[in-house]
Amino acid sequence: MTFTNAVARALTNASDRLLRIEQKPPIRFFSAYEEKVLEAVIDRLIPQDVPLLEKRIDLVPVIDDRLYKNALNGFRYEDMLSDRDAYCEGLRAIEEMSRRRFNTRFVDLSGSSQELILNSLRDNEPDPAHEVWKRILVHRFWNMLVRDCADACYARMPRRIFQGHTARLGER
């Protein structure tokens, strides 16, 4: 490969990465409100107000795309609804929990109130209890949600943020 070809390839790869971050893919699986609820959940799980980030990285489209394509995350629990159904039911339950506990929509809650609901899911003790968590095992939904958020973060995060950290993985 010539130097010119190598430079052109590097620029193309950098351009592709930048487009991946800059462009917001269409939301094809979630409803407009489900998208807002999931975005609020993600904002609590992966805060993006850190100095390394110059601007917000939208993670919902990555999860939306996986569900739209009905792609598995490598496996599926036999006693769990499909990922698509689990997300729809889980987001609906989060919304209803918010309305029962705080008498308002989840997206309109303060961050600390949102965290009370999410922490109850994380702790496998939904508060207030909701019937959907009998059909979807809350700990499995929580694990899928957190795993999808982490995967989406790594898929959309600018590579330069991780460059300094990956070199230190082998250090002790």
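Residues numbered from 1 in each chain as written. Predicted model: local features only at pLDDT ≥ 70, side-chain atom pairs only at ≥ 80, totals over all residues. Heavy atoms only, no water.

## Details of the overall build of the protein
Looking only at helices and strands, the protein features eight helices and zero strands. Ordered by position from N to C terminus, the α and β elements of the protein give α-α-α-α-α-α-α-α. Out of the 172 residues in the protein, the part that is buried amounts to 37%. Restricting the contact set of the protein to residue pairs at least 6 apart, pairs at least 24 apart contribute 68%. (Helix = DSSP H or I, 4+ residues; strand = E, 2+ residues; numbered from the N terminus. Buried < 20%, exposed > 50% of the residue type's maximum accessible area, 1.4 Å probe, protein only. Contact = heavy atoms within 4.5 Å.)

## Concerning the pattern of salt bridges
In total, this model carries twelve salt bridges according to the counting rule given. Measuring nitrogen to oxygen at the nearest pair gives 2.9 Å for the salt bridge that ties Arg-122 to Asp-123. Judged by relative accessible area, Arg-122 falls into the partly exposed class, the value being 44%. (Salt bridge = Lys/Arg side-chain N within 4 Å of Asp/Glu carboxyl O.)

## Considering the packing of helix α3 (residues 60-68) against helix α4 (residues 83-102)
Orientation of α3 relative to α4, taken along the N-to-C sense of each, is 130°, at an axis distance of 9 Å. The angle between the axes of α3 and α4 places the two elements in the oblique class. Relative to α4, α3 is oriented so that their crossing is left-handed. Across the interface between the two elements, Ile-63, Arg-66, Leu-67 and Tyr-68 from α3 touch Asp-83, Arg-84 and Tyr-87 from α4. Among the residues forming the contact of α3 with α4, the class breakdown is four nonpolar, no polar and three charged. (Axes fitted to C-alpha atoms, helices over the stretch in contact; angles between N-to-C directions. Parallel < 35°, antiparallel > 145°, perpendicular 65-115°, else oblique. Left-handed = near helix turned anticlockwise from the far one by under 90°. Nonpolar A, V, L, I, M, F, W, Y, C, P; charged D, E, K, R; others polar.)

## Re the packing of aromatic side chains
Counted under the stated rule, the structure contains four aromatic pairs. Considering the side-chain rings of Phe-29 and Phe-30, the 5.2 Å spacing of their centres and the 75° angle between planes classify their relative orientation as edge-to-face. On the basis of relative accessibility, which here comes to 6%, the residue Phe-30 falls in the buried class. Ring plane angle 50° and centroid distance 5.4 Å describe the contact between Trp-133 and Phe-141, whose orientation is recorded as tilted. On the basis of relative accessible area, Phe-141 is assigned to the buried category, the value being 1%. One aromatic cluster is present, formed by Phe-29, Phe-30, Tyr-87, Trp-133 and Phe-141 through successive ring pairs. Across the ring face of Tyr-77, the terminal group of Arg-140 is positioned such that the distance to the ring centre comes to 3.9 Å. (Phe/Tyr/Trp six-rings, centres within 6.5 Å; stacked < 30°, edge-to-face > 60°. Lys NZ or Arg CZ within 6 Å of the ring centre and 35° of its normal.)

## Notes on the environment of Trp-133
With respect to the element layout, Trp-133 can be found in helix α6 (residues 132-135). According to the relative accessible area criterion, Trp-133 is buried, its value standing at 8%. Considering only alpha carbons, one finds Trp-133 and Ala-93, 40 residues apart in sequence, at a separation of 8.1 Å. Not counting chain neighbours up to four residues away, the residues in contact with Trp-133 comprise Gly-90, Ala-93, Met-97, Leu-121, Pro-126, Val-138 and Phe-141.

## Describing the side chain of Ser-98
With respect to the secondary-structure elements, Ser-98 resides in helix α4. The contacts of Ser-98, once residues within four sequence positions are left out, are Asn-103, Thr-104, Arg-105, Phe-106, Leu-109 and Ile-117.

## Remarks on helix α7 (residues 138-156)
Relative to the 27 Å expected for 19 residues at 1.5 Å per residue, α7 spans 27 Å between its end C-alpha atoms, a close match to the ideal helical length. Taken residue by residue, α7 has Val-138, Arg-140, Phe-141, Trp-142, Met-144, Leu-145, Asp-148, Cys-149, Ala-152, Cys-153 and Arg-156 as its buried positions. (Expected span 1.5 Å × (residues − 1).)

## A closer look at the environment of Asp-148
For Asp-148, the position within the fold is in helix α7. Filtering out sequence-adjacent residues up to four positions away, Asp-148 remains in contact with Ile-63, Arg-66, Asn-73 and Tyr-87.

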